[in-house]
Amino acid sequence: MSGSATSCEECLLIHPSCAWCAQEDFGQARTLNSRCDFSQNLQKRGCDAPFIENPRSGSSLLRSKPLSSKGSGVTQYDVIQIYPQKISLSLRPGDQTSFEVQVRPVEDYPVDLYYLMDLSLSMKDDLDTIRNLGTKLAEEMRKLTSNFRLGFGSFVDKNISPFSYTAPKYQDNPCNGYKLFPNCVPTFGFRHLLSLTDKVDRFNEEVQKQMVSRNRDAPEGGFDAILQAAVCKEKIGWRKEAYHLLVFATDDVPHLALDGKLGGLVHPHDGQCHLNDKNEYSAANMMDYPSLALLGEKLAENNIFLIFAVTKRHYVLYKNIRSKVELSVWDHPEDLSLAFTATCQDGQPLTGLRKCADVKIGDTVSFNITVDARGCPPKGTRKSFTIRPVGFKDRLEVSVDYRCDCSCTYYTKTNSSRCNSAGTYSCGICRCEPGYLGARCECEEGEVDHQHLSACREAEGKQVCSGRGECSCNQCLCYESEFGKIYGTFCECDDFSCARHKGILCSGHGECHCGECKCHAGYIGDNCNCSTETASCVSDDGKICSGRGSCVCGRCQCTEPGAFGDTCEKCPTCPDACGTKRECIECRLFNTGRLADNQTCQRMCKDEIITVETLQTDDSNTVQCVYKTENDCVMKFTYSEHANGQSVLTALKEPECAVAPNAMTVLLAVVGSILLMGIVLLALWKLVITIHDRREFARFQSARSRARYEMASNPVYKQSIPSHPMETVFHMHSIKSCNGGVH
């Protein structure tokens, strides 16, 4: 590609590694392309180092005050939360340069909080609730900063039809005829009631005075009020050195730009302050409602954090608002590409990110910013841009100087004798006047030496001037093309034959040089359609592709089996699926666990959670999860994915817990068990005795029966029948004598 360069400036634009030799006697007369090469190659071929043009990109610090550690006290007007504060960049096109930015949210930083409240009729009950809100806010904020100021304003809507009641009977009392609440104040757009002050009692006094009004439709004119509170800096009292919070309390949606046409308001909002001497919005019935874009621009321009407060929420947690550090770029020049790498609290660099979450007061986070210039603006052009942490007053000012010129051009000579007085000598070569050609302008157009046509061929057998030019004076004159520029020693290069994506050359993210796309910073690939940004690949937990894949061309390619989703966040079969979803069950249902009382719970846990009395576990498409709670109970839930990609968690309403036994119940159970065992043993003993006795009785009966038989059948034992009573006496006496041993 170096052969396409016919000047030092063209050589520098080809690639940031290309260098130009401005030495007059370098190389052969016709080999002009040899002057553009790598610096080391030029030196090897005889170009002395002082004649080599190879500017490099770089940066220099212009203001670098150290970061502060505390926001209030004697140093509150000189608090530094970003380092450095001003730098200068020298950029060669295509050559990247990097610098580091550090941000530290300081402790005890001054805070201005302006409370903007909807005073339409539906907010009547909430007005009663905030009667002593100033004291509560001050108590909470003083836990975080010793320098706190509070202001107050209110709004309703534009006092024109169809937004409000405009009949004469409603002018003084829009609630006229409304039975539930018959008296209220006239409708107004925005009313600034209390400038920012450290006198909290003043806030309470102003709130006590307020009465609600009434408008006709449901949406309110809150965006009119927000814009006025943002741009009327002097009347509101915003301090430059303070952190700005705007609390917007309402119970309905606001009107947007173009809604005003319903009331005949065709003029767009001008974004200016329109508070009159009574501190009321005087242009409410003259201009349309502001657009979201205008509102966002003015809030960012004035470093105001807008908090949309639900009607039941009365405490603004300053530490949560300050827990994120995000860089924004202002006045970004179109020809510069910026790439960010964030290094947050864990010290791990995250390519493509420009924000850190869950940053504590006093933590320091850093960002590496790489800058690449795509081209060269007109000579002498200097550009600048600003980098600001969102919501901080601190900023980094960056000035840019382009290194597109070669120093040897300062010694340019017109009608130089080195060019036969027919051209301009610059950086070792001649630029010939029209009609002259040659390395030293020694030929006139039309002179062709047919014996040396080979000088116009890139190689033997190839077409003269690649078929895209004419050979004149042993040099190629390239044709003009409606598609772009044809150039090069042999007309072999052009700036329109590169790869395209969706019909766009180099995808619009690169420049075409000699048939090859040279991508801008942040893009790679043959057609520069592959973004190196990884912000779109970061999941809610701050990991690239949820730790289950890699970010390719700005999109996640999931490598974990079963993982899917834009950031591979869905994976019912992954080993950590139950653990991840468990944290959401804990914080969403029971306000416990690691994510409890943390904004990340709502950010990370967006799945639908269904609570049931009995968990069905027979579905094969669900993953069953069980974990033990802090109270030694068992919590069960299932995890599944719908066809539309939505994650669904089905959980028990309450964990299953074992009930502790009653002491009396245990005592009675033990006593009962002992008695039962005694009765059983007695019954067994009785049964054994009964069986034994029956056997003995049966044996006795058997023996007795045998004795009777023997006595009945033995003639010896037959009883004699006496004939005289004395015989009987004698007989009995004889038996006794025999039994007694007397025979």
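Just above sits the structure.
Residues numbered from 1 in each chain as written. Predicted model: local features only at pLDDT ≥ 70, side-chain atom pairs only at ≥ 80, totals over all residues. Heavy atoms only, no water.

Visitor: Would you mind going over the pairing of strand β13 (residues 325-330) in detail, with residue names and values included?
Guide: Both β13 and strand β16 (residues 355-356) contribute to a ladder of two bridges, which runs antiparallel. If you follow Val325 over to β16, its bridge partner there is Cys356. Across four bridges, the pairing between β13 and strand β18 (residues 382-389) is antiparallel. Looking across to β18, one finds that Val329 is bridged to Ile387. (Pairing = 2+ DSSP bridges. Helix = DSSP H or I, 4+ residues; strand = E, 2+ residues; numbered from the N terminus.)

Visitor: With reference to specific residues and values, describe the packing of aromatic side chains.
Guide: In this structure the tally under the stated criterion is ten aromatic pairs. The interplanar angle of 50 degrees and the centroid separation of 5.1 Å between the aromatic rings of Tyr165 and Tyr170 together place this pair among those described as tilted. The buried category is assigned to Tyr170, whose relative accessible area is 16%. Above the ring of Tyr178, the side-chain terminus of Arg214 is found at 4.7 Å from the ring centroid. Lying over the aromatic face of Tyr487, Lys485 brings its terminal NZ or CZ to 5.2 Å of the ring centre. (Phe/Tyr/Trp six-rings, centres within 6.5 Å; stacked < 30°, edge-to-face > 60°. Buried < 20%, exposed > 50% of the residue type's maximum accessible area, 1.4 Å probe, protein only. Lys NZ or Arg CZ within 6 Å of the ring centre and 35° of its normal.)

Visitor: I'd like a description of the side chain of Asp288, backed by residues and values.
Guide: Residue placement: Asp288 occurs in the loop between β11 (243-249) and α8 (292-301). A polar side-chain atom of Asp288 sits 2.8 Å from the main-chain amide nitrogen of Gly260. (Polar contact = N/O pair within 3.5 Å; in protein donor to acceptor, adjacent residues only side chain to side chain.)

Visitor: Lay out the sheet that holds strand β12 (residues 304-309) in plain terms, naming residues and giving numbers.
Guide: The sheet built from five strands is open, its strands ordered β10-β9-β8-β11-β12 with mixed pairing. Both edges of this open sheet fall to β10 (190-197) and β12, since each of them pairs with a single strand only. Pairs of neighbouring strands in the sheet enclose a mean axial angle of 15 degrees, with direction left out of account. Sheet topology note: the strand β9 (residues 148-155)/β10 ladder contains five bridges and is antiparallel. (Axes fitted to C-alpha atoms, helices over the stretch in contact; angles between N-to-C directions.)

Visitor: Residues and numbers for the state of the cysteines, please.
Guide: Summed over all chains, the structure comprises 20 disulfides. Disulfide pairing places Cys465 opposite Cys476 at an S-S distance of 2.1 Å. Judged by the sign of its S-S torsion, about -100 degrees, the cystine formed by Cys465 and Cys476 is left-handed. With a gap of eleven residues between them, Cys465 in the loop between β23 (443-444) and β24 (469-472) and Cys476 in strand β25 (residues 475-478) connect regions that are remote in the sequence. (Disulfide = S-S within 2.5 Å.)

Visitor: Quick rundown of the pattern of salt bridges? Include the residues and the values.
Guide: Per the stated rule, a full pass over the model turns up 17 salt bridges. The partner of Glu9 in a salt bridge is Arg431, with the nearest N and O atoms 3.9 Å apart. Of this pair, Glu9 sits in helix α1 (residues 8-14) while Arg431 sits in strand β21 (residues 429-432), placing them 422 residues apart in sequence. Here Lys209 makes a salt bridge to Glu206, at a shortest N to O gap of 3.5 Å. You can see Lys209 and its partner Glu206 sitting in helix α5 (residues 200-209), three residues apart, about one turn around the helix. Look at Lys209 and you get exposed, because its relative accessible area is 57%. (Salt bridge = Lys/Arg side-chain N within 4 Å of Asp/Glu carboxyl O.)

Visitor: Tell me about a nonpolar patch on the surface, and name the residues and values.
Guide: Side chains of Met664, Leu667, Leu668, Val671, Leu675 and Ile679 sit close together on the surface and give an oily, nonpolar patch of about 610 Å² of accessible area. Note that Val671 resides in helix α12 (residues 663-713). On the basis of relative accessibility, which here comes to 40%, the residue Val671 falls in the partly exposed class. (Patch = residues over 30% accessible without salt bridge, like charges linked within 9 Å, V, L, I, M, F, W, Y side chains within 5 Å. Areas by Shrake-Rupley, 256 points an atom, 1.4 Å probe, with all protein chains shown as cover.)

Visitor: Which residues make up the packing of helix α6 (residues 222-231) against α8, and what values go with them?
Guide: Closest axis-to-axis distance for the α6/α8 pair is 9 Å, and the angle between their directions is 25 degrees. When the interaxial angle is binned, α6 and α8 end up roughly parallel. The crossing of α6 and α8 is left-handed. Taking contact as the criterion, the partners of Phe223, Ile226, Leu227, Ala230 and Val231 in α6 are, on α8, Leu292, Leu294, Leu295, Lys298 and Leu299. Classifying every residue of the contact of α6 with α8 by side-chain character gives nine nonpolar, no polar and one charged. (Parallel < 35°, antiparallel > 145°, perpendicular 65-115°, else oblique. Left-handed = near helix turned anticlockwise from the far one by under 90°. Contact = heavy atoms within 4.5 Å. Nonpolar A, V, L, I, M, F, W, Y, C, P; charged D, E, K, R; others polar.)

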